[in-house]
Amino acid sequence: MAGLLAQAQKMQEQLLAAQNQIAETELTGSAGGGLVTVTGSGTGEVTGVTIDPKVVDVDDVETLQDLVVGALADLAAQRDALASQTMGPLAGGLGGLGGGLPGFGGPGIGQ
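Heads up: these notes are all about the structure in this document. Quick caveat, the model's predicted, so the values are computed rather than measured. (Residues numbered from 1 in each chain as written. Predicted model: local features only at pLDDT ≥ 70, side-chain atom pairs only at ≥ 80, totals over all residues. Heavy atoms only, no water.)

## A word on the overall build of the protein
Along the backbone of the protein there are 2 helices and 3 strands. Expressed as a percentage of its 111 residues, the buried residues of the protein come to 24%. Long-range pairs, those at least 24 residues apart, make up 53% of the contacts in the protein with a sequence separation of at least 6. When the accessible surface of the protein is split by element, carbon and sulfur atoms take 57% of a total near 6900 Å². (Helix = DSSP H or I, 4+ residues; strand = E, 2+ residues; numbered from the N terminus. Buried < 20%, exposed > 50% of the residue type's maximum accessible area, 1.4 Å probe, protein only. Contact = heavy atoms within 4.5 Å. Areas by Shrake-Rupley, 256 points an atom, 1.4 Å probe, with all protein chains shown as cover.)

## Re the pairing of strand β1 (residues 26-31)
Only one face of β1 is buried: it carries Leu27, Gly29 and Ala31, and the other face, with Glu26, Thr28 and Ser30, is open. The pairing of β1 with strand β2 (residues 36-41) spans 6 bridges and is classified as antiparallel. Along β2, the bridge assignment pairs Thr28 with Thr39. Between β1 and β2, which pair antiparallel and follow one another directly, the connecting turn spans 4 residues, one of which, Gly32, has a positive phi of 65°. (Pairing = 2+ DSSP bridges.)

## With respect to the sheet that holds β2
Here we have 3 strands laid out as an open sheet, ordered β1-β2-β3, and antiparallel in their pairing. Strand pairing shows two members of the sheet lacking a second neighbour, β1 and β3 (46-51), which therefore form its edges. The average angle at which neighbouring strand axes cross in this sheet is 15°, direction not considered. (Axes fitted to C-alpha atoms, helices over the stretch in contact; angles between N-to-C directions.)

## Let's talk about a nonpolar patch on the surface
Taken together, Val46, Val49, Ile51, Val56 and Leu72 make up a surface patch of nonpolar side chains, about 380 Å² in accessible area. Tallying contributions element by element places β3 first for the nonpolar patch, with 3 residues. Along the chain, Val46 falls in strand β3. (Patch = residues over 30% accessible without salt bridge, like charges linked within 9 Å, V, L, I, M, F, W, Y side chains within 5 Å. Salt bridge = Lys/Arg side-chain N within 4 Å of Asp/Glu carboxyl O.)

## Some words on the pairing of β3
Pairing geometry for β2 and β3, over 5 bridges, is antiparallel. Its bridge partner being in β3, Gly40 is matched across the sheet by Val46. The loop that links β2 with its antiparallel partner β3 comprises 4 residues; one of these, Gly44, has a positive phi angle of about 110°.

## Brief notes about the nonpolar core
The biggest cluster of nonpolar side chains holds 11 residues, and these are Ile22, Leu27, Ala31, Val36, Val38, Val55, Leu64, Leu67, Ala71, Leu75 and Leu82. Going through the elements one at a time, β1, β2 and α2 (61-93) are the ones with two or more residues in this core. If you tally residues by element for this core, the top one is α2, at 5 residues. Excluding its chain neighbours within four sequence positions, the residues that come into contact with Val38 are Leu27, Thr28, Gly29, Val46, Gly48, Val49, Ala71, Leu72 and Leu75. (Core = buried A, V, L, I, M, F, W, Y, C linked by side-chain atoms within 4.5 Å.)

## Looking at the environment of Val56
Positionally, Val56 belongs in the loop between β3 and α2. Separated by 21 residues in the primary sequence, Val56 and Leu35 place their C-alpha atoms 9.9 Å from one another.

## Comments concerning the side chain of Thr86
Tracing the chain through its elements places Thr86 in helix α2. Beyond its immediate stretch of four places on either side in the chain, Thr86 contacts Ala18, Gln21 and Ile22.

Right, dumping it as structure tokens:
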């Protein structure tokens, strides 16, 4: 039992370290070949938007709107990939902890 608790403690420490790494990572999403870029953190906070003046056309606002939405979607996809890459090895290791623990991404109480 002590070994299981030690393993759970180690996994929790690794999980917290991975979460901190994700939070500290800056990502960039783009659309239109880089005409619109959005930067943000791994936790989902958008920290900046850059729009190339070439794409600003008062007669075609819809294209600019689409590019912003596309850049945000690209940022979200990169954030998801980062989370999968960073957290994936940890989630795989939780299966041996008696079916998963609540709050550790496995099937647990309330799931």
